[in-house]
Amino acid sequence: MHQELMLINWNTLTGNTRYTNGTFFRGALILQALFDISPEVRGIGFWINTELHEEENSKRNIRLDGLELFHFFNGKRPAYYALSFKERLYGSVAARGKDYILMENEDGYQLILLNSVNLNPKLSVSELIMKEKRKEVHVRLVGLKEGEYQVRKWQFDRDNGALYSKYWQLNSRHGLDEEILDYIVTASKPSLSVTDELISGDWSFYAYLELNAVHFYELKRTI
């Protein structure tokens, strides 16, 4: 059958309540899914926000089986940042494995590290499980072009880019007003750090990734 097909429902693991669904960080799972299906599809669509998704499907039931780009109050959900990381990549693939991808381009290199973990979302509320699923990796890149580089690192995990962690930190029995919600939206983004590196052939470092964390490195050649 030579026809284009459109898949209208797809997701990664979801919880069965808003709490477990929001607490279970899925950044790396979503980005991994984007990488896996990209060679086979022409386009990817998302619900624009949670409110429209729930209104479209049912006014009585809470929909937990989809991926939205924004939350109820314009906060960016993990799918937004996962998609933005994928769209930021350019150049040619220099190396790729289960938990990483290295790109080479005219400006230097881009490296993504993933700690993709499939587990029951209910387990994500356990700090013991979260500690067990953390991953420490030693990265060594060999054969890089020599020169001075500006290294930008984005860290995307439940404490850097997830709305729910900030939401629960600032939660109050008196509710959340506009000022608090604006702060949550502003503060819920991947962290950024910048260093200068002189690279002569190879470059190595250690990385510590939380459950379903994404670390995105950009090495931009300056000289």
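Residues numbered from 1 in each chain as written. Predicted model: local features only at pLDDT ≥ 70, side-chain atom pairs only at ≥ 80, totals over all residues. Heavy atoms only, no water.

(A) Local environment of the overall build of the protein chain. Broken down by element type, the protein chain carries seven helices and 10 strands. The buried share among the 223 residues of the protein chain stands at 40%. Considering only intrachain contacts with a sequence separation of at least 6, the fraction spanning at least 24 residues in the protein chain is 71%. In the structure as shown, the protein chain presents an accessible area of about 13200 Å², 49% of it carried by carbon and sulfur atoms. (Helix = DSSP H or I, 4+ residues; strand = E, 2+ residues; numbered from the N terminus. Buried < 20%, exposed > 50% of the residue type's maximum accessible area, 1.4 Å probe, protein only. Contact = heavy atoms within 4.5 Å. Areas by Shrake-Rupley, 256 points an atom, 1.4 Å probe, with all protein chains shown as cover.)

(B) Layout of the pattern of salt bridges. Evaluation of the coordinates by the stated rule reveals seven salt bridges. Put simply, D99 and K135 hold a salt bridge, and the shortest N to O gap is 3.3 Å. Remark: K135 occurs in strand 6 (residues 135-142) and D99 occurs in the loop between strand 3 (92-97) and strand 4 (100-105); sequence separation between them is 36 residues. Accessibility expressed as a relative area gives 23% for D99, which makes it partly exposed. Here the salt bridges do not stand alone but share partners, grouping K98, D99 and K135 into one network. (Salt bridge = Lys/Arg side-chain N within 4 Å of Asp/Glu carboxyl O.)

(C) Quick look at the sheet that holds strand 8 (residues 191-199). Reading across from one edge, 3-4-5-10-7-8 is the order of the six strands in this open sheet, with antiparallel pairing throughout. For this open sheet the edge positions go to strand 3 and strand 8, each flanked by a neighbour on one side alone. Mean inter-strand twist for the sheet, computed between neighbouring axes without regard to direction, equals 15°. Here strand 4 runs beside strand 5 (residues 108-114); their pairing, made up of six bridges, is antiparallel. Residue I101 lies in a different strand from strand 5, and its bridge partner there is I112. Where helix 2 (residues 27-37) meets the sheet, it contacts strand 3, strand 4, strand 5, strand 7 (147-156) and strand 10 (214-221), and its direction lies at approximately 120° from that of strand 5. This element, helix 4 (residues 78-88), spans strand 5, strand 7 and strand 10 of the sheet and lies at about 160° to strand 7. (Pairing = 2+ DSSP bridges. Axes fitted to C-alpha atoms, helices over the stretch in contact; angles between N-to-C directions.)

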